[in-house]
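# Structure assessment
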Amino acid sequence: MRIFNLFKIAIRAIILNKVRTLLTMLGIIIGVGSVIAMLAIGEGSKESIKTQISSMGSNMITIRPGGDIRGGVRLGAGDMQSLTLDDYKVLKERTTLLTAISPMVTGNGQIINGSNNWPSSVYGISPEYLDIRVWGLKDGSMFTSSEVRSASKVAVIGQTVVDNIFINGENPIGKMIRFNNIPFKVIGVLEEKGENTFGQDQDDIVLAPYTTVQKRILAANYLQSIVGSAVNEEEAPEAVEEITRILREQHKISGNEDDDFNVFSMEELISTFSSTSEMLTVLLVAIASISLIVGGIGIMNIMYVSVKERTKEIGLRMAVGGKGSDILMQFLIEAVLISVVGGIIGVVLGMGTTMAIEKILNWPTQITLYSIIISFAVCAVTGIFFGWYPARKASSLDPITALRYE
């Protein structure tokens, strides 16, 4: 009953000073709203990054040349020719943690159809590439293993290429196009994927048998990379270790010698981007939390003013038998109420701001339950922390001095 009466007194005091209370709450409202919005943006961007990278092939493992040291200079992937078809064949035969594997060579040039041309890239791969990239066909079919062995001049093209060289809307299947004057027959069109995490248009692509690209475009017998798909995401690290072990044996690398290749999985890429996103989120939340501190200081100030204004009331209560603990609890409840009500309004503001950001700016957002729980917890702690000292001061006033206060 005593607590109930103290709540009634605290609520009445807040209502009597509505404008002052609202101004005091502003710091808490803005702080909580900002924290929720910032966490929602951070979580949304992290999930968006994971989704976009997974769309490239969540279990994908990439092997590239590089890491060799010659004459004291470390050579990059573009300067090396350490991956060959023999490496691809050995990996295909010996790996147990890959469901699919494909060599890859690339070349840049002009895609030409009649008087229309478009700068693009041709990727020389095997038919398994579509399974690795989790990529389907919108129309037509994929080239076969026999077409790879015979180095057939066939191609599967992306939607961006279709839009730019078949401008009249004709069906590209069965049509002949040229890549740097080398004719290719279009046998398939890829499903649209849009831009990846790096802003690269994934639909601006031409796929052809790797044998064709090696012989007719690059005139090279080495591979620029090998891509594979792990059995599942959990076993991707083990697959990386297995590939590294096999290639070290294949390249006769022993002891502490440096690898002349690099193996990495999408999990590592996701982890790197997620870590960066989390750091930015922490930074944004730290900045937004400054408003909570300012709001807490505002509560402490207003409680000091309230103690000064109600000094006679405090003295009278204590003179007629009121306990110091009751006075302490009364002002503490008032501070916590201001903080919690401000927190509720802040949560509504934060959720509204988050939805507005997603709708107007098209930014990915994700409101999490833990951000709301943390906000309420911080509000309660703020009210107790910044309200305790003024409340303690009120409870320690001498009744006679308080009654004489003007």
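The name recorded for the protein in an unreviewed UniProt entry is ABC transporter permease, from Abyssalbus ytuae. Quoted straight from UniProt, the Sequence similarities (unreviewed entry) entry for the protein says "Belongs to the ABC-4 integral membrane protein family." Taken directly from UniProt, the Subcellular location (unreviewed entry) text for the protein runs: "Cell membrane".

Interhelical geometry of helix α3 (residues 85–94) versus helix α8 (residues 236–250) gives an angle of 130° and a closest axis separation of 10 Å. The orientation of α3 relative to α8 falls into the category oblique. You can see that α3 and α8 cross each other, and the crossing is right-handed. Facing D86, D87, V90, L91 and R94 of α3, the residues of α8 in contact are E242, I243, I246, L247, E249 and Q250. Tallied by class, residues from the contact of α3 with α8 come to 5 nonpolar, 1 polar and 5 charged.

This brings us to the confidence of the model for the protein. One rule of thumb: low pLDDT means the predicted coordinates there are not for detailed reading. Summary statistics for the protein give a mean pLDDT of 83 and a share of 89% for residues scoring 70 or more. Predicted confidence is poor over residues 68–79, with pLDDT under 50, and the contacts of this stretch with residues over four places away or in other chains come to 19 contacts.

The next thing to look at is the pattern of salt bridges. Once their charged atoms are close, side chains differing in charge can pair, the charge on each being opposite to the other. Overall, the coordinates contain 4 salt bridges when judged by the stated rule. Measuring nitrogen to oxygen at the nearest pair gives 3.9 Å for the salt bridge that ties E128 to K92. Of this pair, E128 sits in the loop between β5 (116–125) and α4 (129–132) while K92 is found in helix α3, placing the two residues 36 residues apart along the sequence. On the basis of relative accessibility, which here comes to 21%, the residue E128 falls in the partly exposed class. Between D259 and R248 there is a salt bridge, with its nearest N and O atoms 2.3 Å apart. Remark: R248 occurs in helix α8 and D259 occurs in the loop between α8 and β12 (261–265); sequence separation between them is 11 residues.

Now for the UniProt feature "transmembrane region" (unreviewed entry) in the protein. Under the UniProt annotation, "transmembrane region" (unreviewed entry) lies at residues 21–42, 279–306, 327–349 and 369–389. Helix and strand shares over residues 21–42 are 100% and 0% respectively, and the end C-alpha atoms of the span are 32 Å apart. Annotation note: span residues 369–389, helix share 100%, strand share 0%, distance between end C-alpha atoms 32 Å.

Okay, the nonpolar core next. What tends to happen in soluble globular proteins is that the nonpolar side chains get buried as a cluster. The biggest cluster of nonpolar side chains holds 60 residues, and the ones touching the most others in it are F143, I157 and L207. Beyond its immediate sequence surroundings of up to four residues, L207 is in contact with Y123, I125, Y129, L130, F143, V154, A155, V156 and L190. The next biggest cluster of nonpolar side chains, apart from the first, holds 34 residues, and it includes M38, L292, V307 and L337.

What follows concerns the environment of T244. Looking at where T244 falls in the secondary structure, it is placed in helix α8. Remark: the alpha-carbon pair of T244 and F264, spanning 20 residues in sequence, is separated by 9.9 Å. Not counting residues up to four positions away in its chain, the partners in contact with T244 are D259, F261 and V263.

Turning next to helix α12 (residues 369–395). With 27 residues, α12 extends 38 Å between its outermost C-alpha atoms, agreeing within 8% with the 39 Å of an ideal straight helix rising 1.5 Å per residue. The sharpest bend along α12 reaches about 40° and sits at W388, with the proline P390 one to four residues further on.

Since the α-helix advances by 3.6 residues per turn, residues separated by three or four positions end up pointing in the same direction. Along its 15 residues, α8 runs 21 Å from first to last C-alpha, staying within 8% of the 21 Å computed at 1.5 Å per residue. Those residues of α8 that sit buried are A236, A239, V240, E242, I243, I246, L247 and R248. Where α8 terminates, the next one or two residues include K252, which has phi positive at roughly 55°.

The general pattern is negative phi for most residues beyond glycine and trans for most peptide bonds. At A151, a residue that is not glycine, the phi angle is positive and equals roughly 55°. On the secondary structure map, A151 appears in the loop between α5 (145–149) and β7 (154–157). With a phi angle near 50°, A219 is a residue other than glycine that sits in the positive phi range. As for its placement among the helices and strands, A219 is situated in the loop between α7 (210–218) and β11 (225–230). Taking the relative accessible area as the measure of exposure, A219 reaches 68% and is therefore exposed.

Turning next to the packing of aromatic side chains. In total, this model carries 1 aromatic pair according to the counting rule given. Between the aromatic rings of Y88 and Y210, the centroid separation amounts to 6.2 Å while the plane-to-plane angle is 70°, which identifies the pairing as edge-to-face. Of this pair, Y88 sits in helix α3 while Y210 sits in helix α7, and the two are 122 residues apart along the sequence. Accessibility expressed as a relative area gives 5% for Y88, which makes it buried. With relative accessibility at 10%, the residue Y210 sits in the buried group. Between the NZ or CZ atom of K193 and the centre of the ring of W135, over which it lies, the distance is 5.2 Å.

Together, I3, F7, I11, I15 and M329 give the surface a local cluster of nonpolar side chains, amounting to about 410 Å² of exposed area. No other element matches helix α1 (residues 2–16), which puts 4 residues into the nonpolar patch. Within the secondary structure, M329 is located in helix α11 (residues 324–361).

Reading the values: the criteria
Residues numbered from 1 in each chain as written. Predicted model: local features only at pLDDT ≥ 70, side-chain atom pairs only at ≥ 80, totals over all residues. Heavy atoms only, no water. UniProt positions renumbered as here; feature names shortened; annotations may be inferred. Axes fitted to C-alpha atoms, helices over the stretch in contact; angles between N-to-C directions. Helix = DSSP H or I, 4+ residues; strand = E, 2+ residues; numbered from the N terminus. Parallel < 35°, antiparallel > 145°, perpendicular 65-115°, else oblique. Left-handed = near helix turned anticlockwise from the far one by under 90°. Contact = heavy atoms within 4.5 Å. Nonpolar A, V, L, I, M, F, W, Y, C, P; charged D, E, K, R; others polar. pLDDT = per-residue confidence, 0-100. Salt bridge = Lys/Arg side-chain N within 4 Å of Asp/Glu carboxyl O. Buried < 20%, exposed > 50% of the residue type's maximum accessible area, 1.4 Å probe, protein only. Core = buried A, V, L, I, M, F, W, Y, C linked by side-chain atoms within 4.5 Å. Expected span 1.5 Å × (residues − 1). Bend = angle between axes of the 7 residues up to and from the residue. Phe/Tyr/Trp six-rings, centres within 6.5 Å; stacked < 30°, edge-to-face > 60°. Lys NZ or Arg CZ within 6 Å of the ring centre and 35° of its normal. Patch = residues over 30% accessible without salt bridge, like charges linked within 9 Å, V, L, I, M, F, W, Y side chains within 5 Å. Areas by Shrake-Rupley, 256 points an atom, 1.4 Å probe, with all protein chains shown as cover.

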